[in-house]
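# Fold and geometry: a report
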Amino acid sequence: VMTQYLKDSDKINRKFKLDWVNLSTSRSMEEIGKSLLKKIFRFGGAYVKVLYKLCTKKYDACYLAITCHGKGFLKDAPFVLLCKLFGRQVIIHQHNKGMSQDCEKWGYRHLLKWTYSNSKVILLSWRLYPDIEKVVKREQVYICPNGIPQTQIYPKKSEPHIPQLLFLSNLIESKGVFVLLDACKILKDWGYTFRCKYIGGETKEIDSGRFNWEIKNRLLDKEVEYVGRKYGEEKDKEFADADIFIFPTYYDNETFGLVLLEAMQQGTPAITTDIGGIADIIKDGVTGLICLPQDSSYLANKIKELIDNPSRIIELGKNGQKSFLEQYTIGKWESNMLSILSDVID
């Protein structure tokens, strides 16, 4: 998503002449883990395209958004090394993490060093630096938080109503899907009345059938519903209609949840976890609340804290919206990226 924003940026395209090659071997979520032959063909095609462009044009820099660990790194590293072979300045934009798991492994140790040596690295937050510090020096690093386009801001409900909770992510267990369900069960047992809506795509881990069974198994049929995917204006309205956005992720490679920015834009406070760079976005007690990962009781208490204090919900939501407008719009992100690219190239 962020690479597409870069590609479409008028501000950046006015400053630099850009060429693009799609290095991805999967074109959709459904293709991940499938179609090995097709992926090999796409990898070969992308490699030939990059080689051709490097042979026919003298670029000031090569910008690559690569995977920094596992098989994805082994796929992406050859592109970086090819750019270095032609003597180009390399800029690696890190949208993931996990390098610390590989940097001592045979086969990765030297390849990581060759790939990242003398490269400039853009991180989303300094909180992500410990993951790469064994390979990348601090002086190689730039920080550029993500941003999202501004959309219509919808009015919040002012009349008394049943508290509305929202979860928005694909149904992946490590995103905290069942952590929130268990927290809802605790809240119900405490006698609280609320509604919790789950929005997101089904996955191999959790499809709608399994999820609805989990709801019934916890006797939450009246409190919780799964409504599938939502996009664009529909999604914005769901954020606006919610009183509290819940994102209890414990996903190992979580870096900087864009959904948190979407919630902040609509003035909806979030309860989330201190994973990746999230605590840079959600300031605990200021723009939202931070809870312990994989702790349903702790999460239930945080939700209770806000349900019991509606004025606190409004305060956190306004603070979050203000923070979004000051720091996380796409315009702010473009300016940050333009400054970084100019500093590297000029």
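Residues numbered from 1 in each chain as written. Predicted model: local features only at pLDDT ≥ 70, side-chain atom pairs only at ≥ 80, totals over all residues. Heavy atoms only, no water.

Now for the sheet that holds strand β1 (residues 61–64). The strand order across the open sheet built from four strands is β1-β2-β3-β4, with neighbouring strands paired in parallel fashion. Of all the strands in the sheet, just β1 and β4 (141–143) have a single pairing partner and so form its edges. Looking at each pair of strands side by side, their axes are set apart by 20° on average, direction ignored. Where strand β3 (residues 120–123) and β4 come together, three bridges link them in parallel fashion. When the bridges of β4 are listed, Leu123 appears paired with Ile143. (Pairing = 2+ DSSP bridges. Helix = DSSP H or I, 4+ residues; strand = E, 2+ residues; numbered from the N terminus. Axes fitted to C-alpha atoms, helices over the stretch in contact; angles between N-to-C directions.)

All right, on to the pairing of β3 then. As paired strands, strand β2 (residues 89–93) and β3 are joined by three bridges and run parallel to one another. Along β3, the bridge assignment pairs Ile91 with Lys120. On the question of chirality, the crossover connecting β2 to the parallel β3 by way of helix α5 (residues 109–116) is right-handed. (Right-handed = clockwise from strand over helix to strand, strands pointing away.)

With that out of the way, let us pick up the pairing of strand β6 (residues 195–199). As defined by bridge partners, strand β5 (residues 164–168) adjoins β6 across five bridges and the pair is classed as parallel. Its bridge partner lying in β6, Leu165 is registered against Cys196. Crossover connection from β5 via helix α6 (residues 177–189) to parallel β6: handedness right-handed. Here β6 pairs with strand β7 (residues 224–226) via three bridges, running parallel. Paired with Lys197 across the two strands is Glu225, which belongs to β7.

Turning our attention to the state of the cysteines. A full pass over the atoms with the stated rule returns zero disulfides. Here Cys68 stays unpaired: no disulfide links it, and the sulfur of Cys103, its closest cysteine neighbor, is 10 Å away. For Cys68, a relative accessible area of 0% gives the class buried. As a non-bridged cysteine, Cys83 has Cys62 as the owner of its nearest cysteine sulfur, 3.6 Å distant. For Cys83, a relative accessible area of 4% gives the class buried. (Disulfide = S-S within 2.5 Å. Buried < 20%, exposed > 50% of the residue type's maximum accessible area, 1.4 Å probe, protein only.)

Its location among the elements puts Ile122 in strand β3. Ile122 sits in the buried class, given a relative accessible area of 0%. Sequence spacing of Ile122 and Gln140 is 18 residues, and the spatial spacing of their C-alpha atoms is 8.6 Å. Ignoring sequence-local partners within four residues, the contact set of Ile122 consists of Tyr63, Ile91, Ile92, His93, Gln94, Tyr142, Cys144, Met337 and Ile340. (Contact = heavy atoms within 4.5 Å.)

To continue, consider the environment of Gly70. Positionally, Gly70 belongs in helix α4 (residues 70–85). The class of Gly70 is buried, set by a relative accessible area of 17%. Through-space distance from the C-alpha of Gly70 to that of Gln101 is 8.6 Å; in sequence the pair is 31 residues apart. Those residues within four positions of Gly70 in sequence are excluded, and the remaining contacts are Asp102 and Tyr108.

With that settled, the discussion passes to the packing of α6 against helix α7 (residues 208–217). Axis separation between α6 and α7 bottoms out at 10 Å; the angle between their running directions is 25°. In terms of their interaxial angle, α6 and α7 are classed as roughly parallel. The interaxial crossing formed by α6 with α7 has right-handed handedness. Across the interface between the two elements, Val177, Phe178 and Leu181 from α6 touch Arg210, Phe211, Glu214 and Ile215 from α7. Class assignment of the residues belonging to the contact of α6 with α7 gives a composition of five nonpolar, no polar and two charged. (Parallel < 35°, antiparallel > 145°, perpendicular 65-115°, else oblique. Left-handed = near helix turned anticlockwise from the far one by under 90°. Nonpolar A, V, L, I, M, F, W, Y, C, P; charged D, E, K, R; others polar.)

Attention now moves to the sheet that holds strand β10 (residues 288–291). Taking strand neighbours across the sheet as the criterion, the six strands line up as β7-β6-β5-β8-β9-β10 in an open arrangement whose pairing is parallel. Each having just a single partner strand, β7 and β10 make up the two edges of the open sheet. Pairs of neighbouring strands in the sheet enclose a mean axial angle of 25°, with direction left out of account. One ladder, built from four bridges, connects strand β9 (residues 270–273) with β10; its direction is parallel. By the bridge assignment for β10, Thr272 is matched with Ile290. Across the sheet, helix α8 (residues 232–241) is in contact with β5, β6 and β8 (244–247); its angle to β5 comes to roughly 140°.

Here we come to the pattern of salt bridges. One side chain can pair with another of opposite charge once the charged atoms of both are near each other. A complete count under the given rule lists 20 salt bridges for this structure. Where Lys105 meets Asp102, a salt bridge forms, and the shortest distance between an N and an O atom there is 3.1 Å. Lys105 gets classed as partly exposed once you look at its relative accessible area, which sits at 41%. Using a relative accessible area of 3% as the deciding quantity, one classes Asp102 as buried. (Salt bridge = Lys/Arg side-chain N within 4 Å of Asp/Glu carboxyl O.)

Another aspect to go through is α5. An α-helix turns once per 3.6 residues; consequently, residues spaced three or four apart project the same way. Those residues of α5 not exposed but buried are Leu111, Leu112, Thr115 and Tyr116. The buried residues of α5 occupy an angular sector of 115° when projected down its axis, which confines them to one face. Looking at α5, the residues exposed on the side facing more than 90 degrees away from the buried face are Lys113 and Trp114. For α5, the elements touching its buried residues are α4, β2 and β3. Backbone geometry just downstream of α5 places Asn118 in the positive-phi region, at approximately 65°. (Arc of directions from axis to C-beta.)

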